[in-house]
Amino acid sequence: MEWFYKFPHMDDDALRNLKKAIDDGFRTFTRAYGDAIEGFFSPLQHFLIAADRFMTQTPWPIITVLVLAIAWAASRSFKVASGCLFTLLAIGYFDMWDDTMRTVSMIFVCTLLSIAIGIPVGILMSQSDRVQRIVNPILDVMQTMPSFVYLIPVVMLLGIGKVPGLIAVVIYAIPPMIRLTDLGIRLVDKDVLEAADAFGSSGRQKLFKVQLPLALPTIMAGINQTIMMALAMVVVASMIGVQGLGQPVLKAIANQYFTLGIFNGLAIVGIAIIFDRVSQAYGKRLQRHREIVHG
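Residues numbered from 1 in each chain as written. Predicted model: local features only at pLDDT ≥ 70, side-chain atom pairs only at ≥ 80, totals over all residues. Heavy atoms only, no water.

Digging into the environment of Ser-75
Thought 1: With respect to the element layout, Ser-75 can be found in helix H4 (residues 60–75).
Thought 2: The spacing of Ser-75 and Ile-134 is 59 residues in sequence and 37 Å in space, taken between C-alpha atoms.
Thought 3: Residue contacts for Ser-75: discarding those within four places in its chain leaves Val-80, Ala-281 and Arg-285. (Helix = DSSP H or I, 4+ residues; strand = E, 2+ residues; numbered from the N terminus. Contact = heavy atoms within 4.5 Å.)

Put into structure tokens, the structure is as follows:
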């Protein structure tokens, strides 16, 4: 009756040999192509370093004015802009400005990369049910795989540093961007598409002049969720050398510094609220504009 209480499994030696073969194969791949892959991501590293230098070396009043200008342009709300100002002043007052700027630069690059990859993939999914059936399981794995697992192959390929952390963050954060782009395009009213066909629009014109503009509020929601998930990954990414607010939190966990962890954790929350409120306000403005223009 042992089989009834203990699930039948592969022979221990066979399982050990299988795992060893996979590990050896990945190590061989890393030794053969690691340098080429690292060279491929070199431009991304330069861009990330440039963004980090801009955010950390630009005087804080200029950064503050830029953030407030973006918040006002996106939301047209005094309440949102004043909330951003209060959050930034509090972060600076408690001596977390430099780490916050490093985190913002990482999230900025991560968001741009997610948009550059996610929107084209989402468009392909919306245009083809077959592509959607292929990509959806991959997105399911990306969203449910424990975030620590992403770090293993990335570190083996690229080592410790900013680029491996960025790649791990993008893998974790990009699925909402892809899914909501696909969903937004698929939810465009069929009557609108029929009207576009009646006026002789080509497939390209219909996509860029009808579907994407009408799907923009949903796509903005995808950008919002991508930013939130990227911020959630900051502390994990700090384990492989990503500088910013995650490293003090990791230090606080290792040394039981309660105040250090709480302060930097609240700074991450503050940045998340700024991104969330600004992107949501912009999405609502787009939605109101859509309702006015299209009834």
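After presenting the structure, the write-up continues.
Quick word on the packing of helix H2 (residues 12–40) against helix H8 (residues 147–158)
Thought 1: The contact between H2 and H8 brings their axes to 8 Å, and the two run at 65°. Here H2 contributes Phe-26, Arg-27, Phe-29, Thr-30, Gly-34, Ile-37 and Glu-38 to the contact with H8, which in turn contributes Pro-153, Met-156, Leu-157 and Leu-158.
Thought 2: Residues of the contact of H2 with H8, tallied by class, amount to seven nonpolar, two polar and two charged. (Axes fitted to C-alpha atoms, helices over the stretch in contact; angles between N-to-C directions. Nonpolar A, V, L, I, M, F, W, Y, C, P; charged D, E, K, R; others polar.)

Brief notes about the packing of aromatic side chains
Thought 1: Considering all chains together, one arrives at five aromatic pairs under this definition.
Thought 2: Plain terms: the ring middles of Phe-29 and Tyr-33 are 5.1 Å apart, the flat faces sit at 40° to each other, and that makes the pair tilted. One end of the pair, Phe-29, and the other, Tyr-33, are both in helix H2, four residues apart, so they sit about a helical turn from each other.
Thought 3: Between Tyr-93 and Phe-94 the ring centres are 5.5 Å apart and the planes differ by 85°, which places this aromatic pair in the edge-to-face class.
Thought 4: On the basis of relative accessible area, Tyr-93 is assigned to the exposed category, the value being 71%.
Thought 5: Among the residues examined, Phe-94 registers a relative accessible area of 46% and is labelled partly exposed.
Thought 6: Among the aromatic residues, ring-to-ring pairing joins Phe-26, Phe-29 and Tyr-33 into one connected group. (Phe/Tyr/Trp six-rings, centres within 6.5 Å; stacked < 30°, edge-to-face > 60°. Buried < 20%, exposed > 50% of the residue type's maximum accessible area, 1.4 Å probe, protein only.)

Interpretation in functional terms is not warranted from these geometric data alone.
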